[in-house]
Amino acid sequence: EVLTEYNLSQNYPNPFNPTTTIRFSLPQRSHVTLKVFDVLGREVATLVEGELNPGEHSVVFNAQNLPSGVYSTCLQAGSFVQQRKMVIIR
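Described below are features of the structure shown in this document.

Reading guide: rules and limits
- Residues numbered from 1 in each chain as written.
- Predicted model: local features only at pLDDT ≥ 70, side-chain atom pairs only at ≥ 80, totals over all residues.
- Heavy atoms only, no water.
- Pairing = 2+ DSSP bridges.
- Helix = DSSP H or I, 4+ residues; strand = E, 2+ residues; numbered from the N terminus.
- Axes fitted to C-alpha atoms, helices over the stretch in contact; angles between N-to-C directions.
- Salt bridge = Lys/Arg side-chain N within 4 Å of Asp/Glu carboxyl O.
- Buried < 20%, exposed > 50% of the residue type's maximum accessible area, 1.4 Å probe, protein only.
- Patch = residues over 30% accessible without salt bridge, like charges linked within 9 Å, V, L, I, M, F, W, Y side chains within 5 Å.
- Areas by Shrake-Rupley, 256 points an atom, 1.4 Å probe, with all protein chains shown as cover.

Brief notes about the sheet that holds strand β3 (residues 30-37)
Then, in step 1: Ordered by their spatial adjacency, four strands build an open sheet running β4-β3-β6-β7, and the pairing between neighbours is antiparallel. The open sheet has two edge strands, β4 (43-52) and β7 (80-88), and neither has a second partner. In this sheet, adjacent strand axes meet at a mean angle of 15° when their direction is disregarded.
Then, in step 2: Pairing of β3 with β4 involves eight bridges; the strand directions are antiparallel. The partner of V36 across the bridge, within β4, is A45.

Listed below in structure tokens is the structure:
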């Protein structure tokens, strides 16, 4: 299967405690940044920073040091940007 578009999937499980899996797909080799932000827009984690090959990718995010609340995952790949909300429940 040839991927034709960038996509950031909803993390699973969501809500989660303390780990969740974040999946994303790339149609071509891209410089990728995957970050997590809190509800005030402060960066709390960088999960991916660098060149990745096309295809499906997944990252496990461990939020054991973060308080309960709503966070957003932001995928940036080239000019593509997508965000998803996720919830940590303690």
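A short note on the pattern of salt bridges
Opposite charge on two side chains lets them pair, provided their charged atoms get close.
Then, in step 1: Counting across every chain of the model gives three salt bridges.
Then, in step 2: Residues R29 and E51 are paired through a salt bridge, measuring 3.7 Å at the closest nitrogen-oxygen approach. Of the two residues, R29 is situated in the loop between β2 (19-26) and β3 and E51 in strand β4; the sequence distance between them amounts to 22 residues.
Then, in step 3: When its relative accessible area of 45% is taken as the criterion, E51 is described as partly exposed.
Then, in step 4: With its nearest N and O atoms 3.2 Å apart, the salt bridge here joins E43 to K35.
Then, in step 5: For E43, a relative accessible area of 42% gives the class partly exposed.

Considerations on the sheet that holds β2
Then, in step 1: Judged by pairing direction, the sheet is antiparallel, and its three strands sit side by side in the order β1-β2-β5 without closing on themselves. Among the strands making up the open sheet, the edge pair consists of β1 (7-8) and β5 (55-62).

Some words on a nonpolar patch on the surface
Then, in step 1: A contiguous nonpolar surface patch, about 310 Å² in accessible area, is contributed by V39, L40 and V70.
Then, in step 2: Counting through the fold element by element, L40 comes out in the loop between β3 and β4.

Looking at the pairing of β2
Then, in step 1: For β2, a buried count of six out of eight residues is recorded, marking the element as mostly surrounded by other parts of the structure.
Then, in step 2: Of the strand pairs in this sheet, β1 and β2 are connected by two bridges, and their pairing is antiparallel. Within β2, the position partnered with L8 by the bridge is F24.
Then, in step 3: Taken together, the eight bridges between β2 and β5 define a ladder with antiparallel strand orientation. Along β5, the bridge assignment pairs L26 with G55.

The quantities given are spatial measurements derived from coordinates; they are silent on function.
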